[in-house]
Amino acid sequence: MAFSVGYSDLDCLLSSNSTKTKTKTIKNMHNETFCIQQIPVDPLTGSISTPIYATSTFVQDAPGVNRGYDYSRTNNPTRKVLEDLMSQLEGGAQSSAFASGLAAIDAVIKLLSVGDEVIAVNDIYGGAYRLFTHVYTKLGINFKYVDTADLSTIAQAINSKTKLIWLESPTNPTLKISDIQAISNVIKDKNILLCVDNTFASPIAQKPIELGADLVIHSATKYLGGHSDLIAGIVVSNTKELGEKIHFNQNASGGILGPFESWLVIRGIETLPLRIQQHSNTAQQIAEYLSQHPLVKNVYYPGLKQHKNHEIAQKQMRLFGGIISFDLVNDQARQALQIVQSTKLFKLAESLGGAKSLLCLPSEMTHKSIPRETRYQSGITDSLIRLSVGLEHPEDLIADLASAFHFNNKK
Ligand SMILES: Cc1ncc(COP(=O)(O)O)c(C=O)c1O
């Protein structure tokens, strides 16, 4: 599946002359080509793999005269390759790569001032909830959690203090879909920023900036890295001005991504389109299997026709991704605990987006910091299980789930 990713900027990214000439002839590249060819060949040596600039500082030609870099907290050539790549992939103007997804979220919230209000999706990732509630509330920023899938709820929640709308779409872990374009229309001309956590979709499946978002954040720990071997975060801004503010916050606070992790994420992006395609194909099959299973009550997957906002997902997503959540008919935490401890291929672990399949029980793990009542309001029941569908064969993964269900049904 091909779609526009801002190819016009490609030429200026590739600084090696020979590469430039070759790449110039390739028009309308598919994602698979784009994610590989957009990574520049090293202009100094021709190295096909981006060099890891493991350096804290850069020798200056004269005081204040440098070659574009002076200190690696401020900027680093390996990190810069990743940041430029992400700007291109998300269709933004500027990106900053952080030490974690939460550091990226933190840099966005630091755009705000005392008294400002944020309207956030109500089944927000637990770590973002913790940061907002336990750090920023006491610093004078207010957060309202609403069902952002409902446009009228957002419109009602907006007031003169609202400065930021915080969306995840799909959400973690109940895969709610919000209509990004419609929300951006609601806040048009209102001086309110729209930030989308695009971790679950990845830029291969969804491009929020094209839909009107001002900022996109990623936990690059997940699909961008893709191999469960790093922690990283990205902020992409739709304008240079906003990008500079984020960069200022990053340099001021220091939560940068190191050169080695930057390189790992760059390498991950080379296979991102292939992986997201495969994750999505397998997840669709597993979601369909789960929706027929007698022990299962609800299956949350945007690719299912019965998903509440399947049509909006179809409109704004190219693929539906690799995350599925489901809960049990009897909603017993004990049975859910047994299931998550019985699978062999799906490993019990937090995180998602890697080659290896993982599963978790959000009520006891990722979302433990959210009060039970609040959890239930957003559908995170005690028995809700989240699957991160990896790259193993779909039949093996379905057999693994089937045997965990079978074993625990007999007990
Ligand atoms: C949707 C989402 N956003 C942000 C984060 C935070 O990212 P990190 O763990 O890289 O700090 C996570 C982590 O699970 C997540 O799932």
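Here's what I pulled together on the structure shown here. (Residues numbered from 1 in each chain as written. Predicted model: local features only at pLDDT ≥ 70, side-chain atom pairs only at ≥ 80, totals over all residues.)

1. As for the overall build of the chain
Condition: Helix and strand assignments come from DSSP, with helices taken as H or I runs of at least 4 residues and strands as E runs of at least 2, each series counted from the N terminus. Burial is judged by counting other C-beta atoms within 10 Å of a residue's own C-beta: 20 or more means buried, 12 or fewer means exposed, and anything between counts as partly exposed, with every C-beta placed from the backbone.
Looking only at helices and strands, the chain has 16 helices and twelve strands in total. Each principal axis of the C-alpha distribution contributes one length, and for the chain these read about 75 × 50 × 35 Å. Within the chain, the proportion of its 411 residues that are buried is 49%.

2. Quick notes on the sheet that holds strand 9 (residues 323-328)
Rules: A strand pair is defined by DSSP finding two or more bridges across the two strands. By the criterion used throughout, residues are in contact when their C-beta atoms, derived from the backbone, lie within 7 Å. Axis lines are fitted to C-alpha atoms, over the contacting stretch for helices. Their N-to-C directions set the angle, which ranges from 0 to 180 degrees.
With respect to topology, five strands assemble into an open sheet ordered 8-9-12-11-10, the strand pairing being mixed. If you trace the sheet from one side to the other, it starts and ends with strand 8 (296-300) and strand 10 (347-348), each paired once. With two bridges joining them, strand 10 and strand 11 (residues 358-360) adopt parallel strand pairing. Within strand 11, the position partnered with Leu348 by the bridge is Leu359. Its contacts with the sheet put helix 12 (residues 272-291) on strand 8, strand 9 and strand 12 (385-388), and the angle it makes with strand 9 is roughly 10°. Here helix 14 (residues 333-340) sits on the sheet and contacts strand 9, strand 10, strand 11 and strand 12; the angle it forms with strand 12, its principal contact strand, is near 20°.

3. Observations regarding helix 11 (residues 259-270)
What counts is decided by this rule: In this analysis, the expected span of each helix is defined as 1.5 Å times one less than the number of residues it contains.
Here helix 11 is twelve residues long and its end C-alpha atoms lie 17 Å apart, about the 16 Å a rise of 1.5 Å per residue gives. Within helix 11, nine of the twelve residues are buried, which leaves it mostly tucked inside the rest of the structure. By the burial criterion, the buried members of helix 11 are Pro259, Glu261, Ser262, Trp263, Leu264, Val265, Ile266, Gly268 and Ile269.

4. Quick notes on the site of the ligand
As a reminder of what qualifies: Any residue whose C-beta atom, as placed from the backbone, lies within 6 Å of a molecule or strand is termed near it. We call Asp, Glu, Lys and Arg charged. Ala, Val, Leu, Ile, Met, Phe, Trp, Tyr, Cys and Pro are nonpolar, and the rest, Gly among them, are polar.
Around the ligand, the structure places 13 residues, and the nearest of them are Ser100, Gly101, Leu102, Ser219 and Thr221. Here the shell around the ligand is composed, by residue class, of three nonpolar, eight polar and two charged.

5. Here's the deal with the sheet that holds strand 6 (residues 215-219)
Hydrogen bonding along the main chain pairs the strands of a sheet, whether they run parallel or antiparallel. Read from one edge to the other, the open sheet built from seven strands follows the order 1-7-6-5-4-2-3, with strand pairing classed as mixed. Two strands in the sheet have a free side with no partner beyond their single neighbour: strand 1 (94-98) and strand 3 (142-146). Strand after strand, the sheet turns through a mean of 20° between neighbouring axes, direction not considered. Note that strand 6 and strand 7 (residues 233-237) share five bridges and pair antiparallel. Pairing of Val216 across the sheet is with Val236, part of strand 7.

6. A word on the pairing of strand 7
Burial runs high along strand 7: five of the five residues are buried. Judged by which residues are buried, strand 7 turns out to be covered on both faces: Gly233, Val235 and Ser237 on one side and Ile234 and Val236 on the other are all buried. Of the pairings in the sheet, the one linking strand 1 to strand 7 comprises five bridges and is antiparallel in character. Within strand 7, the residue paired with Phe98 across the bridge is Gly233.

7. Notes on the pairing of strand 2 (residues 117-121)
So the rule is basically this: With strands facing away from the observer, any crossover in which the path from the first strand over the helix to the second runs clockwise is taken as right-handed.
The buried fraction of strand 2 amounts to four of the five residues, a majority that puts the element mostly inside the structure. Sheet topology places strand 2 next to strand 3; five bridges connect them, and they run parallel. Following the sheet pairing, Ile119 is matched in strand 3 by Lys144. Regarding topology, helix 6 (residues 126-136) serves as the crossover connection from strand 2 to the parallel strand 3, and that connection is right-handed.

8. So, the environment of Lys356
Relative to the helices and strands, Lys356 is located in the loop between strand 10 and strand 11. Put simply, Lys356 and Arg275 are 81 residues apart on the chain and 12 Å apart in space, counted from C-alpha to C-alpha. Discounting residues that sit within four places of it in the chain, Lys356 has contacts with Ser228, Lys347 and Gly390.

9. Overview of helix 5 (residues 101-109)
Judged by how many residues are buried, helix 5 sits mostly within the fold: nine of nine residues are covered. If you check which residues of helix 5 are buried, you get Gly101, Leu102, Ala103, Ala104, Ile105, Asp106, Ala107, Val108 and Ile109. Packed against the buried residues of helix 5 are strand 1, helix 6, strand 5 (193-197), strand 6, strand 7 and helix 10 (240-253).

10. Here's the deal with the packing of helix 4 (residues 77-90) against helix 11
Definition in use: Whether a crossing is left-handed or right-handed is set by the direction in which the near helix is turned from the far one by less than a right angle, anticlockwise for left-handed and clockwise for right-handed.
The contact between helix 4 and helix 11 brings their axes to 8 Å, and the two run at 35°. Two packed elements cross with a definite hand, and for helix 4 against helix 11 that hand is left-handed. Here Thr78, Arg79, Val81, Leu82 and Leu85 of helix 4 come into contact with helix 11, specifically with Pro259, Ser262, Trp263, Val265, Ile266 and Ile269. Counted by class, the contact of helix 4 with helix 11 contains eight nonpolar, two polar and one charged residues.

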